[in-house]
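Results of the structural survey
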Amino acid sequence: MRGAQQFEVPKIIGHRGAAGHAPENTVAGFRKAAALGARWVEFDVQLSRDGHVVLFHDDTLNRTTNGRGAIGDATLSALRQLDAGAWFGPAFRDERIPTLGEAMAALGELGLGANVEIKPAVGRAAETARAVAVLLQREWPAGLPAPLISSFAVEAIAVMRDTAPEFPRALLSRELPAGWKDRLRDLGCTGVHCAHDRLGAGQAADVIKAGYALRCYTVNERRRADTLFRWGVDSVFSDYPDRLF
Ligand code: G3P
Ligand code: MG
């Protein structure tokens, strides 16, 4: 069961691009991740008010842009006005919130594979997943490995399973949920992504023995990464991928 996908996903994945070095979920972050030597990045996607898929982590614009309020209340044209880089540092001024289309173009140019984390607003999981599926099917760059889809929202994964089954899926869960084997099987997932500080060696062994890929976030210290890899963890997401190579 630990199939071909295993060989394509590297051990170190840049988290939200390379969030320790560049503003998260931006094209500048992708460029930084690639320059540091990352081969894959993880990023978060959700919907604007008018149904466009954009890269964004939080529910609100407040922390990572010069805007205010819920991202799901803003149209794409309003989001395009915002600065999503200056909060991180003056060198990133004028960085924009990318659409998924822009992100895919940048990934293709940089040769970066990706884990697309669907992070829907409450009540919009199915709608978000449907929009993501359409875009990935239409525009995912030829030549890149298939994108790995993950979400904390079970409904989003189920929609991906039903509408874009060709993309591998992983369940995101802070800790291994009760009944994880049944849930992974029902969702047709090839792996599970969990918080590294909620995982023990015994649980890691159980997941691996069951034939699933195991990936952990957010690992920024090499010693911790070494311990996880010793337990059999396949990959880690890091804000500082360069620290772990
Ligand atoms: O996908 C792994 C990780 O990004 C999940 O947590 O909150 O950083 O999106 P978060
Ligand atoms: Mg994420």
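Right above here is the structure, for reference.
In this report, the structure presented in the accompanying data block is examined. All figures in this text were calculated on a predicted structure; none of them were measured in a lab.

**Some points on the coordination of the magnesium ion (ligand 2)**
Coordination of the magnesium ion (ligand 2) by the protein is provided by Glu 42 (OE), Asp 44 (OD) and Glu 117 (OE), with metal-donor distances spanning 1.9 to 2.2 Å. Sequence positions of the residues that donate to the magnesium ion (ligand 2) give the spacing E-x1-D-x72-E. Remark: Glu 117 occurs in strand E4 (residues 113-118) and Asp 44 occurs in strand E2 (residues 40-47); sequence separation between them is 73 residues.

**A short note on the environment of Gly 111**
By the secondary structure assignment, Gly 111 is in the loop between helix H4 (100-110) and E4. With near-sequence residues (within four places) excluded, Gly 111 lies in contact with Arg 39 and Leu 144.

**Considerations on the nonpolar core**
Of all hydrophobic cores here, the largest spans 37 residues; its most connected members are Phe 30, Phe 43, Val 45, Leu 100, Leu 107, Leu 136 and Met 160. Mapped onto this core, the elements with two or more residues apiece are helix H2 (27-36), E2, strand E3 (53-55), H4, E4, helix H5 (125-139) and helix H6 (154-163). Top element by residues in this core is H5. It accounts for eight residues. Val 45 has contacts with Val 53, Val 54, Leu 55, Phe 56, Leu 100, Val 116, Glu 117, Ile 118, Lys 119, Pro 120, Thr 128 and Val 132, leaving out every residue within four places of it along the chain. Counting residues in hydrophobic clusters, the runner-up holds 25 residues, among them Leu 171, Leu 187, Leu 199 and Val 233.

**Topic: the packing of aromatic side chains**
Under the defined criterion, the tally for this structure stands at five aromatic pairs. Ring geometry for Trp 87 versus Phe 88: centroids 5.4 Å apart, planes at 85 degrees, classification edge-to-face. For the ring pair Phe 88 and Phe 92, a centre distance of 5.7 Å and an interplane angle of 80 degrees mean the geometry is edge-to-face. Given a relative accessible area of 28%, Phe 88 falls into the partly exposed group. Taken together through their ring pairs, the aromatic side chains of Trp 87, Phe 88 and Phe 92 make up a single cluster. Here the guanidinium or amino end of Lys 11 rests over the ring plane of Phe 229, the centre of that ring lying 4.3 Å away.

**What about unusual backbone geometry?**
Of note, Asn 25 is a non-glycine position whose phi angle comes to about 55 degrees, a positive value. By the secondary structure assignment, Asn 25 is in the loop between strand E1 (12-14) and H2. In this structure, Asp 94 takes a positive phi of about 80 degrees despite not being glycine. Its location among the elements puts Asp 94 in the loop between helix H3 (76-79) and H4. On the accessibility criterion, Asp 94 (48% relative accessible area) is partly exposed.

**A look at the pattern of salt bridges**
If you walk through the whole model with that rule in mind, you get 14 salt bridges. Arg 16 is paired through a salt bridge with Glu 24; the nearest N and O atoms lie 3.2 Å apart. The pair Arg 16 / Glu 24 is uniform in exposure class, with both members buried. In this structure, the salt-bridge partner of Arg 161 is Asp 162, at a minimum N-O distance of 2.9 Å. Judged by its relative accessible area of 28%, Arg 161 is partly exposed. Look at Asp 162 and you get exposed, because its relative accessible area is 54%. One network of salt bridges, with partners in common, ties together Arg 16, Glu 24, Asp 44, Asp 58 and Arg 63.

Rules behind the numbers
Residues numbered from 1 in each chain as written. Chains lettered and ligands numbered in written order. Predicted model: local features only at pLDDT ≥ 70, side-chain atom pairs only at ≥ 80, totals over all residues. Heavy atoms only, no water. Donors = N, O, S within 2.8 Å, 3.2 Å for Na, K, Ca; no water. Helix = DSSP H or I, 4+ residues; strand = E, 2+ residues; numbered from the N terminus. Contact = heavy atoms within 4.5 Å. Core = buried A, V, L, I, M, F, W, Y, C linked by side-chain atoms within 4.5 Å. Buried < 20%, exposed > 50% of the residue type's maximum accessible area, 1.4 Å probe, protein only. Phe/Tyr/Trp six-rings, centres within 6.5 Å; stacked < 30°, edge-to-face > 60°. Lys NZ or Arg CZ within 6 Å of the ring centre and 35° of its normal. Salt bridge = Lys/Arg side-chain N within 4 Å of Asp/Glu carboxyl O.

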